[in-house]
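Spelled out, the chains give:
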Amino acid sequence: MKENKVQWQVIVGIILALIIAIFAVINVDPVEVNFLFAQAEWPLILIIIGSVLVGCLIIFFLNIAKSRGMKKRVKQLTAEKTELERQLAAAKSMKTHSSNVEKRDAENTVEPIK
């Protein structure tokens, strides 16, 4: 199931890359780009490809941050699970131990004769 999802992502990625490449090749006219401190005239194809690359980098770094956060959360939940399992085992051990003591006390108790 996961392989199928990955295959579709690759296919969609290739289609989008082709559309962007065709769009960029069609638009090769020089364009004036205004920065805060300067102006430059660049071919529109470079502006389009540069914008796509910057967008890809932003998504890439956001995914890395999300992945790290999820790994940290998994580690935290695993530690909590281990602690709760330890507490549960201790509680079961205490319950078993106390019920054995209660049984022994009940067996050793001699009822007075009336």
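Not measured: the values here are computed from a predicted model.

Parameters and conventions
- All residue numbers here refer to positions counted from 1 along the written sequence of the relevant chain.
- Predicted model: local features are reported for residues with pLDDT of at least 70 only, side-chain atom pairs are reported and counted for 80 or more only, and whole-chain, interface and lining totals are derived from all residues.
- With hydrogens and water excluded, all non-hydrogen atoms of the structure serve as input to the side-chain values.
- Put simply, DSSP marks the helices as runs of H or I at least four residues long and the strands as runs of E at least two long, and each gets a number from the N terminus on.
- The rule is simple: take the accessible area with a 1.4 Å probe, protein chains only, and divide by the maximum for that residue type; under 20% is buried, over 50% is exposed, in between is partly exposed.
- Any pair of residues with heavy atoms lying within 4.5 Å of one another is described as a contacting pair.
- Per-residue and other accessible areas were derived by the Shrake-Rupley procedure at a 1.4 Å probe size, with only the shown protein chains allowed to occlude residues.
- UniProt positions are given in the numbering used here, feature names are shortened, and annotations may be inferred rather than shown by experiment.
- What makes a salt bridge here is a side-chain nitrogen of Lys or Arg within 4 Å of a carboxyl oxygen of Asp or Glu, nothing more.
- Aromatic pairs are defined between Phe, Tyr and Trp rings, using the six-membered ring for Trp, whenever the two ring centres lie within 6.5 Å; interplanar angles under 30 degrees are classed as stacked, those over 60 as edge-to-face, and all others as tilted.
- Any two strands between which DSSP finds at least two bridges are classified as paired.

Attention shifts here to the overall build of the protein. Scanning the protein from terminus to terminus reveals two helices and two strands. In the protein, the order of α-helices and β-strands from amino to carboxyl end is α-β-β-α. In the protein, which comprises 114 residues, the proportion classed as buried is 4%. Excluding contacts between residues fewer than 6 apart, the proportion of contacts in the protein whose partners are at least 24 apart in sequence is 17%. When the accessible area of the protein is evaluated, it comes to approximately 10,700 Å², of which 68% is carbon and sulfur surface.

The next point concerns the UniProt feature "transmembrane region" (unreviewed entry) in the protein. The sites that UniProt annotates as "transmembrane region" (unreviewed entry) are residues 7-26 and 42-65. Counting secondary structure, residues 7-26 comes out at 100% helix and 0% strand; the distance between its end C-alpha atoms is 29 Å. End C-alpha atoms of residues 42-65 are separated by 33 Å, and the span's content is 92% helix alongside 8% strand.

Overall, the coordinates contain two salt bridges when judged by the stated rule. Residues Glu83 and Arg86 are paired through a salt bridge, measuring 2.6 Å at the closest nitrogen-oxygen approach. Of this pair, Glu83 and Arg86 both sit in helix 2 (residues 44-108), three residues apart, roughly one helical turn. Accessibility expressed as a relative area gives 32% for Glu83, which makes it partly exposed.

To continue, consider the packing of aromatic side chains. One pass over the full model with this rule turns up three aromatic pairs. Aromatic side chains Phe35 and Trp42 sit 5.8 Å apart centroid to centroid with 65° between the ring planes, which places their arrangement in the edge-to-face category. Given the relative accessible area of 36%, Phe35 is considered partly exposed. Taken together through their ring pairs, the aromatic side chains of Phe35, Phe37 and Trp42 make up a single cluster.

Turning our attention to the pairing of strand 2 (residues 39-43). Relative to strand 2, strand 1 (residues 30-34) is paired through five bridges, and the arrangement is antiparallel. Along strand 2, the bridge assignment pairs Val31 with Trp42. Turn length for the strand 1-strand 2 hairpin, with the two strands adjacent in sequence and antiparallel, is four residues.

The next point concerns the environment of Ile26. Its location among the elements puts Ile26 in helix 1 (residues 2-26). For Ile26, a relative accessible area of 63% corresponds to the exposed category. Along the chain, Ile26 and Ile45 lie 19 residues apart, while their C-alpha atoms are 8.1 Å from each other.

Moving on, we get to the environment of Gln39. For Gln39, the position within the fold is in strand 2. Ignoring sequence-local partners within four residues, the contact set of Gln39 consists of Glu32, Val33 and Asn34.

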